[in-house]
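Chain by chain, the residues run as shown.
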Amino acid sequence: MPPTDAPAPHDGDTRPRAVVVGGGLAGITTALRLADAGVAVTLLEGRPRLGGLAFSFRRGDLTVDNGQHVYLRCCTAYRWFLDRVDGARLAPLQDRLDVPVLDVGHPRGPRLGRIRRDPLPVPFHLVRSLATYPHLSLAERASVGRAALALKKLDPADPALDGVDFATWLGRHGQSARAIEALWDLVGIPTLNAPAPDASLGLAAMVFKTGLLTDPGAADIGWAHVPLGHLHDTLAAKTLDGLGVRTLLRTKAERIARTDDGRWTVEVPGETLDADAVVLAVPQTETHALLPEDALDDADRLLDIGTAPILDLHVVYDRKVLKRPFFTALGSPVQWVFDRTASSGLTGGGQYLAVSQSAAQDEIDEPVAALRERYLPELERLLPAARGAGVRDFFVTRERTATFAPTPGVGRLRPGARTRAPGLYLAGAWTATGWPATMEGAVRSGFSAAGAALSAFGRRHDHPLQEAA
């Protein structure tokens, strides 16, 4: 880890100076890109670690991720990030998309289906999977195919799509409630953090077009086989340190201001930092509080960008109850279940499962006892091997403001990287990346903010998305 008392750049250093406020993926990416281009960077983070909400913590002998995070092959920005911190081998992708879908509400008993692709061009790569998907009727499968072809014709950047909810569009294209539950929401809820009625059509179209209707392998899933903290904190910090970035942990920006000579000052406890550029890579409410007057047209619109929660349930069994690395469920309140045994360091023959519940507005504040009473029987219903297994531990992690809410109309509220104040830039998954609130969106925002600053500095910089593609 870079020391929190690392020295400031020497007074004789003629490089441009930048202060990045926020050490999540957006801020780390911004700092990496700026430092790679020869800028002297100071990175501020209020927490005692880097990584934002994609972090790990210790619970007894376990290393626990705050929530289950996955990425797709089409997430070229996040893949660049993994390569840049030397972590790609620790978060591998599937060879080919394969998602087990277990329906416990089937009238004939639990039934397993799969969403997987064949090594064929789009859209034929998913034809066999859709044709044999047991959780939809033949008519529903045909209807889904027609809707997918219609979706492929949409332009996610069309502002008109931002004002329409995804469920309305699906209804207009013949999608039954069952088709929405068993396919569209199965993908949409974990990627958008909202069900179809609460999701902007523009963002939904972006997710489905990019993930399923562009490149055959675009939706292959990757996830960390080590604790997220190792990738987003330990390895990221090592890389930043190697570039000479001054990282100040447990340090919040209290005020930023523009000086008479057009530069910037950032006040932190006990110190005032001078900079040629400042990047705010913090959530929208914190950004609003730090923005100088007139830095944005209608800065109060940032406060209109809502948030959505994610709830994660963590269960440690005394034996192995799940053979697959993950699965998703229908006919149950359980959404996605992942085996985190190896990455957590659990030993002694047990198994640690993480249950990821997106769009969890109705449960985010429920007591642990109530969640335990509801979800342990559901896991036994989904996993027969869990019946009779001992539960060594059950605990909950909650992120009440995990993502921005992808509601219709949110697109017009999301600002770009540049502000009206020269030298001041914005980053964060909530900014205008074109993506929902994902790790990919966060890294892309860092590319945009760093690129804008480097252009202002007159520094040449390459296009990392082209490199990662």
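Residues numbered from 1 in each chain as written. Predicted model: local features only at pLDDT ≥ 70, side-chain atom pairs only at ≥ 80, totals over all residues. Heavy atoms only, no water.

### Description of the overall build of the protein chain
In terms of regular secondary structure, the protein chain is built from 14 helices and 19 strands. Computed over the C-alpha atoms, the radius of gyration of the protein chain is 23 Å, within 12% of the 23 Å expected from 2.2 N^0.38 for a compact globule of 469 residues. Along the three orthogonal principal directions, the C-alpha set of the protein chain runs to about 75 × 55 × 40 Å. The burial tally for the protein chain puts 57% of its 469 residues in the buried class. Pairs at least 24 apart in sequence give 69% of the contacts found in the protein chain among residues at least 6 apart. When the accessible surface of the protein chain is split by element, carbon and sulfur atoms take 51% of a total near 19700 Å². (Helix = DSSP H or I, 4+ residues; strand = E, 2+ residues; numbered from the N terminus. Rg over C-alpha atoms; globule rule 2.2 N^0.38 Å. Buried < 20%, exposed > 50% of the residue type's maximum accessible area, 1.4 Å probe, protein only. Contact = heavy atoms within 4.5 Å. Areas by Shrake-Rupley, 256 points an atom, 1.4 Å probe, with all protein chains shown as cover.)

### Focus: the sheet that holds strand β11 (residues 264–268)
Backbone hydrogen bonds are what pair the strands of a sheet, in a parallel or an antiparallel way. Overall, antiparallel pairing links the three strands, which are arranged β10-β11-β12 in an open sheet. A single partner strand is all that each edge strand has here, and the edge strands are β10 (255–258) and β12 (271–275). Strand-to-strand, the axes of this sheet are offset by a mean angle of 20 degrees, without reference to chain direction. By the bridge criterion, four bridges tie β10 to β11 in an arrangement that is antiparallel. Across the sheet, residue alanine 257 finds its bridge partner in β11, namely threonine 265. (Pairing = 2+ DSSP bridges. Axes fitted to C-alpha atoms, helices over the stretch in contact; angles between N-to-C directions.)

### Let's talk about the pairing of strand β4 (residues 62–65)
Burial of the side chains of β4 extends over both faces: Leu62 and Val64 are buried on one face and Thr63 and Asp65 on the other. With four bridges joining them, strand β3 (residues 56–59) and β4 adopt antiparallel strand pairing. Bridging from a neighbouring strand, serine 56 pairs with aspartate 65 of β4. Turn length for the β3-β4 hairpin, with the two strands adjacent in sequence and antiparallel, is two residues, and the turn residue glycine 60 shows positive phi of about 60 degrees.

### Thoughts on the pairing of β12
Across five bridges, the pairing between β11 and β12 is antiparallel. Within the sheet, the bridge partner assigned to valine 266 lies in β12 and is leucine 273. The loop that links β11 with its antiparallel partner β12 comprises two residues; one of these, glycine 270, has a positive phi angle of about 80 degrees.

### Topic: the environment of glycine 52
Residue position: glycine 52 is located in the loop between β2 (40–44) and β3. According to the relative accessible area criterion, glycine 52 is buried, its value standing at 9%. Spatially, the C-alpha atom of glycine 52 lies 9.1 Å from that of glycine 27, the residues being 25 residues apart in sequence. Sequence-distant contacts of glycine 52, that is, excluding residues within four places in its chain, are made with Gly23, Gly24 and Arg47.

### Observations concerning a nonpolar patch on the surface
Taken together, the side chains of Leu120, Phe124 and Val127 present a nonpolar region at the surface, about 280 Å² in accessible area. Looking at the element boundaries, valine 127 is found in helix α3 (residues 127–131). Judged by its relative accessible area of 45%, valine 127 is partly exposed. (Patch = residues over 30% accessible without salt bridge, like charges linked within 9 Å, V, L, I, M, F, W, Y side chains within 5 Å. Salt bridge = Lys/Arg side-chain N within 4 Å of Asp/Glu carboxyl O.)

### Thoughts on the UniProt feature "domain: Amine oxidase" (unreviewed entry) in the protein chain
Taking the UniProt record as the reference, the feature "domain: Amine oxidase" (unreviewed entry) is found at residues 25–453. In residues 25–453, the share of helix is 32% and the share of strand is 23%. The end C-alpha atoms are 18 Å apart. (UniProt positions renumbered as here; feature names shortened; annotations may be inferred.)

### Digging into the confidence of the model for the protein chain
In the predicted model, the protein chain carries a mean pLDDT of 95, and the fraction of residues at 70 or more is 96%. The low-confidence segment residues 1–7 (pLDDT under 50) makes twelve contacts with residues lying over four places distant or belonging to another chain. (pLDDT = per-residue confidence, 0-100.)

### Side note on unusual backbone geometry
Geometrically, the link from valine 122 to proline 123 is a cis peptide bond, its omega value of 0 degrees lying close to zero. Tracing the backbone through its elements, the reader meets proline 123 in the loop between β7 (111–116) and α3. For asparagine 193, which is not glycine, the phi dihedral falls at a positive 60 degrees. Inspection of the secondary structure assignment puts asparagine 193 in the loop between α7 (177–192) and α8 (201–212). You can call asparagine 193 buried: its relative accessible area is 3%.

### Side note on the sheet that holds strand β13 (residues 277–280)
The strand order across the open sheet built from five strands is β9-β2-β1-β13-β19, with neighbouring strands paired in parallel fashion. Taken across any chain shown, the strands that pair with only one partner, and hence form the sheet edges, are β9 (246–248) and β19 (424–426). The average undirected angle you get between the axes of adjacent strands in this sheet is 15 degrees. Bridging between strand β1 (residues 17–21) and β13 involves four bridges; their strand directions are parallel.

### Considering the pattern of salt bridges
Across all of its chains, the model carries 22 salt bridges by this definition. Between aspartate 103 and arginine 178 there is a salt bridge, with the nearest N and O atoms lying 2.8 Å from each other. Of this pair, aspartate 103 sits in strand β6 (residues 98–103) while arginine 178 sits in helix α7, and the two are 75 residues apart along the sequence. Owing to a relative accessible area of 4%, aspartate 103 belongs among the buried residues under this scheme. The residue aspartate 297 makes a salt bridge to arginine 420 at a minimum N-O spacing of 2.7 Å. Linking aspartate 297 in the loop between α10 (284–290) and β14 (307–317) with arginine 420 in the loop between β18 (391–404) and β19, this pair joins segments that are 123 residues apart in sequence. A network of salt bridges, in which partner residues are shared, links Arg73, Arg117 and Asp220.

### Describing the state of the cysteines
Taken as a whole and judged by the stated rule, the model has zero disulfides. The cysteine cysteine 74 is free of any disulfide, with cysteine 75 supplying the nearest cysteine sulfur at 4.6 Å. (Disulfide = S-S within 2.5 Å.)

### Some remarks on the packing of aromatic side chains
This model, assessed by the stated rule, comprises twelve aromatic pairs. Between phenylalanine 166 and tryptophan 169 the ring centres are 6.4 Å apart and the planes differ by 15 degrees, which places this aromatic pair in the stacked class. With phenylalanine 166 and tryptophan 169 both in helix α6 (residues 166–172) and three residues apart, this pair spans about one turn of that helix. Connected via pairs of aromatic rings, a cluster forms that spans Phe166, Trp169, Trp184 and Phe208. One Lys or Arg, arginine 49, reaches over the ring of phenylalanine 55 and ends 3.7 Å from the middle of that ring. Across the ring face of phenylalanine 395, the terminal group of arginine 59 is positioned such that the distance to the ring centre comes to 4.1 Å. (Phe/Tyr/Trp six-rings, centres within 6.5 Å; stacked < 30°, edge-to-face > 60°. Lys NZ or Arg CZ within 6 Å of the ring centre and 35° of its normal.)

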